[in-house]
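Here is what each chain is made of, one letter per residue.
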Amino acid sequence: MIHAAPWDDQEALEIVTRHRQLPGAALPILHALQERFGYIDRAAIPMVAEVLNLSQAEIHGVVAFYDDFREQPPGRHTLRLCRAEACQAMGANALVAQAEKRLRAGLGATTLDGKVSLAAVYCLGNCACAPALMLDGELIGRVDAARLDQLLDRLENAA
Ligand code: FES
């Protein structure tokens, strides 16, 4: 489960202000906001732009450029599928297709009920047990279609 705080303008402004002196402050600020809230709320764009004296377009460009930044609140659960080389060689693409089909959500998206976010990751350091994935922080290796189905069942029955 992700334990992100609900978005709060006041707290966000404190985070932005606290990091404003860092070199290239936009990136560390955005990372800090995402770490706290799980995503970058739309309200952050003008806030960060004003504090750093940059344009909103510049800040939005940074958020849009990096895949790591989410612009929507994350789901209550996160399934990360490894798409790096070793996992690709062991059938990761088929697992991605299976998860996307069953969750009816693409990589980088969250299911309509807000329950599961599906994400790509590029190496989980578990190449010897490829293909690998991470479900709510739990690293799972040697995943095949049946195992993924079990994990998706688990998600279906979870809160
Ligand atoms: S390539 Fe997937 S864990 Fe390393």
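A.B. asks: Quick question: what am I supposed to make of the domain arrangement of the protein chain here?
C.D. replies: For an interface, size is often stated in terms of accessible area lost upon the parts coming together. Each assigned domain of the protein chain is listed here: domain 1 (9-65) and domain 2 (77-157). In this structure, domain 1 and domain 2 have C-alpha centres spaced 30 Å apart.

A.B. asks: Just checking my understanding: could you explain the pairing of strand 3 (residues 116-121) for this structure?
C.D. replies: Consecutive side chains along a regular strand alternate between the two faces of the sheet. The buried fraction of strand 3 amounts to five of the six residues, a majority that puts the element mostly inside the structure. As defined by bridge partners, strand 1 (residues 77-82) adjoins strand 3 across six bridges and the pair is classed as parallel. Counterpart to Leu81 in the pairing with strand 3 is Ala120. Sheet topology note: the strand 2 (residues 109-110)/strand 3 ladder contains two bridges and is antiparallel. By the bridge assignment for strand 3, Thr110 is matched with Ser117. Remark: five residues form the turn of the hairpin made by strand 2 and strand 3, two consecutive strands paired antiparallel; Gly114 in that turn has positive phi of roughly 75°.

A.B. asks: Would you take a moment to explain the nonpolar core for this structure?
C.D. replies: Grouped burial of nonpolar side chains is what soluble globular proteins tend to show. Grouped together as the largest cluster of nonpolar side chains are 24 residues, with contacts concentrated most on Leu30, Leu33, Phe37 and Val48. Broken down by secondary-structure element, the contributors of at least two residues to this core are helix 1 (9-19), helix 2 (26-37), helix 3 (44-52) and helix 4 (56-65). The element contributing the most residues to this core is helix 3, with seven residues. Of all hydrophobic cores here, the second largest spans 17 residues; its members include Ala99, Leu118, Ile140 and Leu155.

Cut-offs and rules
Residues numbered from 1 in each chain as written. Predicted model: local features only at pLDDT ≥ 70, side-chain atom pairs only at ≥ 80, totals over all residues. Heavy atoms only, no water. Domains from an automatic or database assignment. Buried < 20%, exposed > 50% of the residue type's maximum accessible area, 1.4 Å probe, protein only. Helix = DSSP H or I, 4+ residues; strand = E, 2+ residues; numbered from the N terminus. Pairing = 2+ DSSP bridges. Core = buried A, V, L, I, M, F, W, Y, C linked by side-chain atoms within 4.5 Å.

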